[in-house]
Amino acid sequence: MAHFDTEYQRLEASYSDSPPGEENLLMHVPEGTKSQWHHIENLDLFFQRVYNLHQKNGFTCMLMAEFFELVQLLFVVGFTVFLANCVDYDVLFANKFVNHTDSSKVTLPDAFLPMDVCSARIRHNAFMIFVLTISGVFWLHRLVKFIYNVCCYWEIQSFYINALKMTMSELPYATWQEVQARIVEIQKEHQICIHKKELTELDIYHRILRFKNYMVAMVNKSLLPVRFRLPVLGECVFYTRGLKYNFELIFFWGPGSLFENEWSLKPEYKRGGNRLELADRLASRILWIGIANLLLCPVILVWQILYAFFSYTEVIKREPGSLGARCWSLYGRCYLRHFNELDHELMSRLSKGYKAASKYMNCFLSPLLTVVAKNVAFFAGSLLAVLIALTIYDEDVLAVEHVLSSITLLGVCITVCRSFIPDKHMVFCPEQLLRVILAHIHYMPDHWQGNAHRYETRDQFSQLFQYKAVFILEELLSPVVTPIILIFCLRRKSLEIIDFFRNFTVEVVGVGDTCSFAQMDIRQHGHPAWMSEGKTEASIYQQAEDGKTELSLMHFAITNPHWQPPLETTHFISQLKERVHREATGADTHSPSLSESEPRSLVANLMEGPSTLASVHFGRDSSLTNHAAAGLSDGASALRSLSPISSSLHLRGSLSAAHRAGDISSKAMTGSGTDARTVSSGSSAWEGQFTSLVLSEYASTEMSIHALYMHELHKQQSRAELSRHTWHRRESDESSDSIPDEVRSEPNTRSRNFPRSHTFPTTVPSPSAIPTSASAYSGTSAGKEGAKPPSSSQRRHSGPTTDHFAGGKVSRLARVPMGGWAEDGQAAPKHHEPLPEESSEDEMPPRIHKVA
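Residue indices begin from 1 for each chain and proceed along its sequence in written order. In view of the model being predicted, local features appear only for residues whose pLDDT reaches at least 70, and side-chain atom pairs are presented and counted only at 80 or more, with totals across whole chains, interfaces and linings using the full set of residues. Excluding hydrogens and water, the side-chain figures rest on all heavy atoms present in the structure.

A. Local environment of the overall build of the chain. A count of helices and strands for the chain gives 34 helices and 13 strands. Exposed residues in this analysis have more than 50% of their type's maximum accessible area, buried residues have under 20%, and partly exposed residues fall in between, with area computed by a 1.4 Å probe over protein chains only. Counting across all 852 residues of the chain, residues that qualify as buried make up 50%. Note on areas: Shrake-Rupley, 1.4 Å probe, and residue coverage restricted to the protein chains presented here. In the structure as shown, the chain presents an accessible area of about 41,000 Å², 59% of it carried by carbon and sulfur atoms. For the purposes of this entry, the term helix denotes a DSSP run of H or I that reaches at least four residues, the term strand denotes a run of E that reaches at least two, and both are numbered from the N terminus.

And the structure:
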């Protein structure tokens, strides 16, 4: 390029964060205006650290937490070695006589072996030396990582103080939306991203959640082998932290992974011509990682057992019923997660639904087990009462052998029995509880509604909401099961994985390669049964399941009210909000004969009156002031009642405080960027935190209402489609031949010929037998003829398209629980089109779309 004397200069970057075609981007950077935050090299890692420091409440708290993790690791290893080699248990259990000159009482140091004996035992134990070596290497690695993190987070602390103008003392009381608003504002001044003049909220979310969005999409499309059907246990889910770590190691950041850096997929995975070679390479890498897991299994298993013992023993002793408590499973967190949803937003939703979920699961206590538990508790309580009475009468009773142990075990037995005895005032109302759960978790298979009282629904929900004891057991079994899943299950899906990353990766200008589902594009990934009919061009292969695209879009728009979505997306959001508002305000004037399942009746039941919904609505403007003063409606309060901060809102919800919160909130939500940066500058820490909690509650309640409405509308549309096709079958004897088979098995889809997707397993996979699909993910299915061309601002890496029809017949599909598709046993035999030669596409560039 010729040199011209202009005020523009070329930015020489030390890394390749530029999308193709943007390498020669010129930015206006006047001399003397550059700051230390100009042109940050790795924005993904930078934004993740900014978010982590906010969530960990500042630099000091984060530093102390990581320091104690190092100390904890040293303690677990050292204390275990000491107990195994340096304690004389014969003395401790009084099996050996100890000579004392001054006293006959045995002390604790008498049970400790001398140092020379202890060291000799360790030296002669080969397994102990191996464990110490592995632990030492791992600890040194953690130490180096700790020192590196201290240096990096020191820089992040400086960014908060100097660029964002926030001190570490203010950070625990500031919401992430406030921090994000300041980041968007300083982009204009510091140009932390050189490829875009302005940052959006979606850009920041994409940077932080790039890999997590891929994981959510793969779970949504039933690509990961986490669901199995075992001979005795039946259908079950196995998804642990160890298995998740290996998935991320293989796909994203491990040696030979699919990504060449944090923001870019390797170029060879963007072309479809060498897909078979790449699948073989991925299968080989999975095999070697599985073998490495198998070799390290003994060490990891010992560590898991020791860590669980030291972590949960004290809790079990203090609260024996804690093992009977439940928690959201790791699979449940991934299945219920929206696209572009941060960790704290997800945990806030799930925490609000915890109480209702616990009540729902308690509705299914076995009557027989309850009778047994009551009688066992009676007998154990009688023995415990006698022992306690004797101890009170004479404390020497405790000196009798096993009396103290008996008291402890009887207390544990009574506590466990009580967990199986329901509250006598509990009312069995599973449908209402499931509705409250849906208001918070936002996702639920269609067949659950109306079947909340069935044990099948309860068993499937328990896969999302499992016992704490089951969670611990799965983590203990993870070192043994993970290598089996990697070697025998994941390897067979290597071709599907390669095709998934090629077909569902788009390149966003200024962001890099992201999962196309995370764009929340209704046209590309919407589902016609979720208010996207007429707006989406997606085939079954491209559709997100369970309304994930539509619900994620609404959640992100409500959580980030300043976000400016594309025109088509804006139309979808405004249409939905106006529909909810219109039907709520007109609910009291409509005919009372409407079914309770209809959306209009639902909104009427949720909201107290027209003015209430108007106050919750939806623009975050000055109406929040009146709403804060008046309080939420009965329905919204019911949704909010499960929130952990409801008591704070009631205690502090005086009229004057509400007006102050409303004034501040109107500035924060409708003011300029400067107002957002100074929202809490003139208020106390408590007032700022209270305002943030109020705004968060409004957003949560608004999203709950929209989620319930969308599910009710989806159910109503499904019923209408089913009844319409049933009526057609009665009218004509030939109608059964004219209706596509997909409509019979899935009434939520439209009556058009969708390309058959072989992405999903035909049955729930098992570790022993999983069919190999050579044609899976053979390419993005073509859309309808005459469809609009792709947007000029999006780049999609796509392979060759494949026609999945065989002889003019359509394979019959049926929806399986919680994601994926299964093929009916009566479906026509599948015939696949032959794949093109591997070299046929190497000379052809991929089809290109661009995302601005």
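B. Layout of the packing of helix α1 (residues 43–55) against helix α7 (residues 201–208). At a minimum axis separation of 8 Å, α1 and α7 run at an interaxial angle of 95°. Judged by the inter-axis angle, α1 sits roughly perpendicular to α7. Between α1, through Leu43, Asp44, Phe47, Gln48 and Tyr51, and α7, the contact on the second element is made entirely by Ile204, Arg207 and Ile208. In this classification, Asp, Glu, Lys and Arg are treated as charged, Ala, Val, Leu, Ile, Met, Phe, Trp, Tyr, Cys and Pro as nonpolar, and every other residue, Gly included, as polar. Within the contact of α1 with α7, the residues separate by chemical class into 5 nonpolar, 1 polar and 2 charged. Here an angle of 0 to 180 degrees is reported between the N-to-C directions of two axes, which are lines fitted to C-alpha atoms, with helices fitted over the stretch in contact. Note on angle classes: values under 35 degrees are labelled roughly parallel, values over 145 roughly antiparallel, values of 65 to 115 roughly perpendicular, and the remainder oblique. Between two residues, a contact is recorded if the distance between any of their heavy atoms is within 4.5 Å.

C. Helix α8 (residues 210–220), seen in detail. Most of α8 is tucked away, with 9 of its 11 residues classed as buried. Burial in α8 covers these residues: Arg210, Asn213, Tyr214, Met215, Val216, Ala217, Met218, Val219 and Asn220. Ser222 lies just past α8 and shows a positive phi near 55°.

D. Representation of the pattern of salt bridges. In what follows, salt bridge is the name for a side-chain nitrogen of Lys or Arg lying within 4 Å of a carboxyl oxygen of Asp or Glu. Following the criterion strictly, the structure yields 25 salt bridges and no others. Where Arg454 meets Glu456, a salt bridge forms, and the shortest distance between an N and an O atom there is 3.5 Å. By relative accessible area, which is 39% here, Arg454 ends up partly exposed. Through salt bridges that share partners, Asp44, Arg207 and Arg210 make up one connected network.

E. The arrangement of unusual backbone geometry in detail. For His402, which is not glycine, the phi dihedral falls at a positive 70°. One can find His402 in the loop between α15 (367–393) and α16 (403–418). Taking relative accessible area as the criterion, His402 reaches 53% and is therefore assigned exposed.

F. Spatial organisation of the environment of Asp116. When you line up the elements, Asp116 lands in helix α4 (residues 115–123). Given a relative accessible area of 53%, Asp116 falls into the exposed group. The spacing of Asp116 and Cys86 is 30 residues in sequence and 9.8 Å in space, taken between C-alpha atoms.

G. Looking closely at the pairing of strand β4 (residues 234–237). We call two strands paired when DSSP finds no fewer than two bridges between them. In this structure, strand β3 (residues 227–230) lies alongside β4, joined through 4 bridges in antiparallel fashion. Counterpart to Arg227 in the pairing with β4 is Val237. The turn linking β3 back onto β4 is made up of 3 residues.

H. Structural detail: the nonpolar core. The term nonpolar core refers to a set of buried residues drawn from Ala, Val, Leu, Ile, Met, Phe, Trp, Tyr and Cys, joined through side-chain atoms within 4.5 Å. Ranked by size, the top nonpolar core spans 130 residues in total, and within it Tyr160, Trp176, Ile183, Phe247, Phe251, Phe461 and Phe501 carry the most contacts. Listed in part, the 8 residues of the second largest apolar core include Ala380, Val403, Leu410 and Ile414.

I. Region of interest: the state of the cysteines. When two cysteine sulfur atoms lie within 2.5 Å, the pair is treated as a disulfide. As enumerated under the stated definition, the model contains 1 disulfide in all. With a sulfur-sulfur separation of 1.6 Å, Cys86 is cross-linked through a disulfide to Cys118. Residue Cys86 is located in the loop between α2 (59–85) and α3 (89–92), and its partner Cys118 is located in helix α4; the two are separated by 32 residues in the primary sequence. Side by side, Cys86 and Cys118 carry an identical accessibility label, which is buried. Of all cysteine sulfurs in the structure, the one in Cys152 sits closest to Cys151, which takes part in no disulfide; the separation is 6.7 Å.

J. Fine view of the side chain of Arg502. With respect to the helices and strands, the residue Arg502 is situated in helix α20 (residues 494–503). By relative accessible area, Arg502 is classed as buried at 0%. Polar contact is the term for a pair of N or O atoms within 3.5 Å; when the atoms are in protein, one must be able to donate a hydrogen and the other to accept it, and sequence-neighboring residues count only if both atoms are side-chain atoms. A distance of 2.7 Å separates the side chain of Arg502 from the side chain of Asp499, its partner in a polar contact.

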